[in-house]
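In case you want the letters, here they are:
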Amino acid sequence: MKSNERGSFLFTFAGWFLEKMENKALKILFIPNWKVTRLSHDDASLQAPDKVVEGCKYWFFRHFNTSAEVDVIDIGGENLWRKLEHKIKFYISQPVKAFTHRNSHDVVVSHGAQSGLFYELLASFVKKKPLHVMIDVGGLNGARINNCETPLIRFALRKSPVIIVHSSPQLDFYKRYYPKLYNKVHFVPFGTDFSYFSQAGEEAEAQERLFVSVGSAKRDYITLCEAWKRAGVENYKLRIIGDESLARRYSGCPGIEFSGRKPLAEVIELTRRCTAVIVPLPEYCYSYGQMTVLQSMAMGKPLIVTSTTSTVDYIAQAPGVMATEVGNVEAMAQCVKKMCALTSDELKKMGSDNQAFVKAHFSEEQMAQKIEAIISQYLMR
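Attention here is on the structure that accompanies the text. Treat the numbers as computed from the prediction; the structure is a model and nothing was measured.

So, about the pairing of strand β1 (residues 26-32). Two faces make up the sheet, and in a regular strand the side chains alternate between them. Most of β1 sits out of view: six of its seven residues are buried. Where β1 lies against strand β4 (residues 68-72), five bridges are found, and the strand directions are parallel. Considered in β4, the bridge of L26 is made with A68.

Put into structure tokens, the structure is as follows:
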């Protein structure tokens, strides 16, 4: 077949495929590595990934241009396998259930290697199976490379599922350690529910002289607290939400308050009233902290953020973010001082610039449409 004939054939086939998809709902089986609550009526206290509401489309799939029917198989409650699953750091019962339901769907989308790895291993032994798209947020195995676990992961993924990552530096990780998978790895920026968080962040009646830092895991609160002490700012408070492990250590440090985990509504209310948000992070070669960064920006807040593998794509061009280095107490202290020295108008402009930036580049709609395009690309093959 000549090249022009081949091009004409592919164009015709693509048109036929898209026409078929317009008339047929795309059936997706979604297997996330968390618990999803099923509701008859919406509950605003739960974020979209954590709930399936009767009669409503689920999470980012609601933004697909193609009609999509999504079935969700979550990790479920505590079961006989759970203790073992915690030890081996991937799920068994959920992927087995997904495997038995696979062929009634066009696509299986797994979120997190804890759910996707064992499903892919099972699917690798059969011929009849739908497309598998794995969203890898945790670097497959926490980005650890060793002679015991890595060969097992390579074996499980030997049939090369489609992989999506939310941090572009992860592409280099795959190229170096999983080169056979590299050609099917795609970087899709994470997107936040801009409409929800921008409305939630409407300006409070009275702003507090308060910095907020939220998160219970993968946060570098020691660097933050030391930086706060060094900055020596007056008339401002720092409230750390989600981790009280350092409360005793910094009990004598003026201005620092600690509290445990709080419901989403309370976190949003505190963020609405605060001056700025600080996201102090250690370095890992995978995605973490991105939701906090983007949600805070969507709420119209200035930020101080550690530049890491996970955040560099999101803050490098952000107009209202002060970036700092991993573990650099002095650099973070300088950011705190600079932020405290700004006028209320300057802070407000930083926040509104952040809000516009997120809307333009990191919305949930944009993420969904890029994922949909990748799925369509492989289905057409």
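We are not done yet, so read on.
Where strands meet in a sheet, backbone hydrogen bonds hold them as pairs that are either parallel or antiparallel. Taken in spatial order, the six strands make up an open sheet running β11-β10-β9-β12-β13-β14, and their pairing is parallel. Of all strands in the sheet, those bounded by a partner on one side alone are β11 (256-259) and β14 (321-324). Strand-to-strand twist in this sheet, taken as the mean axis angle between neighbours without regard to direction, amounts to 20°. Alignment of strand β10 (residues 237-241) against β11, held across four bridges, turns out to be parallel. In the strand pairing of β11, I240 is matched with F258.

Now for the sheet that holds strand β7 (residues 162-165). Spatial ordering of the open sheet is given by β4-β1-β5-β6-β7-β8, a layout of six strands whose pairing is parallel. A single partner strand is all that each edge strand has here, and the edge strands are β4 and β8 (185-187). Strand-to-strand, the axes of this sheet are offset by a mean angle of 25°, without reference to chain direction. In terms of strand pairing, strand β6 (residues 131-135) meets β7 through three bridges, oriented parallel. By the bridge assignment, M134 is partnered in β7 with I163.

Turning next to the packing of aromatic side chains. Counted according to the given criterion, the structure contains 25 aromatic pairs. Arranged with centres 6.1 Å apart and planes meeting at 65°, the rings of F30 and W59 form a pair that is edge-to-face. Taken together, the residues F30 in strand β1 and W59 in the loop between β3 (51-53) and β4 connect sequence positions 29 residues apart. Judged by relative accessible area, W59 falls into the buried class, the value being 6%. Through a chain of ring-to-ring contacts, three or more aromatic side chains come together here, namely F30, W34, Y58, W59, F60, F61 and F64. Across the ring face of F99, the terminal group of R102 is positioned such that the distance to the ring centre comes to 4.1 Å. For R158, the ring lying beneath its charged end belongs to F155, and the centroid distance is 4.1 Å.

About the thresholds
Residues numbered from 1 in each chain as written. Predicted model: local features only at pLDDT ≥ 70, side-chain atom pairs only at ≥ 80, totals over all residues. Heavy atoms only, no water. Buried < 20%, exposed > 50% of the residue type's maximum accessible area, 1.4 Å probe, protein only. Helix = DSSP H or I, 4+ residues; strand = E, 2+ residues; numbered from the N terminus. Pairing = 2+ DSSP bridges. Axes fitted to C-alpha atoms, helices over the stretch in contact; angles between N-to-C directions. Phe/Tyr/Trp six-rings, centres within 6.5 Å; stacked < 30°, edge-to-face > 60°. Lys NZ or Arg CZ within 6 Å of the ring centre and 35° of its normal.

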